[in-house]
Amino acid sequence: QVHLVESGGGLVQAGGSLRLSCAASGTMFSINSMAWYRQAPGKQRELVAGISSGGLTNYADSVKGRFIISRDNAKKMVYLQMNSLKPEDAAVYYCHVVATRHVDMGAKTYWGQGTQVTVSS
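Described below are features of the structure shown in this document.

Reading guide: rules and limits
For every chain, the first residue of the written sequence is number 1, and numbering continues from 1 along that sequence. The model is predicted, so local features are restricted to residues of pLDDT at least 70 and side-chain atom pairs to those at 80 or more, both for listing and for counting; the totals for chains, interfaces and linings are taken over all residues. Side-chain figures throughout are based on the complete set of non-hydrogen atoms in the structure, without hydrogens or water. Note: two strands are recorded as paired if DSSP finds a minimum of 2 bridges between them. By definition, any uninterrupted DSSP run of H or I lasting at least four residues is a helix, any uninterrupted run of E lasting at least two residues is a strand, and each is numbered from the N terminus. Axis definition: a line fitted to C-alpha atoms, over the contacting stretch in the case of helices. Angles run 0 to 180 degrees between N-to-C directions. Pairs were defined over the aromatic rings of Phe, Tyr and Trp, the Trp ring being its six-membered one, requiring ring centres within 6.5 Å. Orientation was assigned from the angle between planes: stacked under 30 degrees, edge-to-face over 60, tilted for the rest. Accessible area is worked out with a 1.4 Å probe on protein chains only. A residue is then buried under 20% of its type maximum, exposed over 50%, and partly exposed in between. Criterion for a charge above a ring: Lys NZ or Arg CZ within 6 Å of the ring centre, and within 35 degrees of the ring normal.

1. Regarding the sheet that holds strand β7 (residues 67–72)
- Read across the open sheet, the four strands follow the order β1-β3-β8-β7; overall the sheet is antiparallel. Taken across any chain shown, the strands that pair with only one partner, and hence form the sheet edges, are β1 (2–7) and β7. Taking each pair of neighbouring strands and ignoring which way they run, the sheet shows an average axis angle of 15°.
- Bridge count for β1 against strand β3 (residues 18–26) is six bridges, and the pairing is antiparallel. Within β3, the position partnered with S7 by the bridge is S21.

2. Topic: the packing of aromatic side chains
- Throughout the structure, instances matching the rule amount to one aromatic pair.
- With 4.9 Å between their ring centres and 65° between their planes, Y37 and W111 make a pair best called edge-to-face. Pair noted here: Y37 is in strand β4 (residues 29–39) and W111 is in strand β10 (residues 107–111), with a separation of 74 residues, a long-range link.
- With a relative accessible area of 38%, W111 lands in the partly exposed category.
- Positioned above the aromatic ring of Y79, the side-chain terminus of R19 is 4.1 Å from the ring centre.

3. A short note on the pairing of β7
- Here β7 shows one buried face, formed by F67, I69 and R71, and one open face, formed by I68, S70 and D72.
- As defined by bridge partners, β7 adjoins strand β8 (residues 77–82) across six bridges and the pair is classed as antiparallel. Opposite R71, over in β8, you have V78 as the bridge partner.
- Linking β7 to β8, which pair antiparallel, is a turn of four residues; within it K76 sits at a positive phi near 55°.

As far as function goes, none of this settles anything; it's purely spatial.
Laid out in structure tokens, this is it:
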């Protein structure tokens, strides 16, 4: 099965930058779309950025112009470059992947364990 591990979270000052990484591993599978979600205390989990297998991207309005999502298909990784960070960006960030299982060609959604991003002012 597919296992996702996020890394790169931490503490950064407002206005700073941080780069999150998510590595996918496991049995035979092919990745379709990849995305980053975040959830702050007391708030619902929200989509931050997504990227299709063809490289098309979409972003939440709150991060447009500041965040960039990218992927490396050979490495089966997805990244989130976060610039000009604001205190409101503080949250647990989760990697999200939709993958196709080779054994039965079935699609399934996978979530990472999350990585904490803290922005200080």
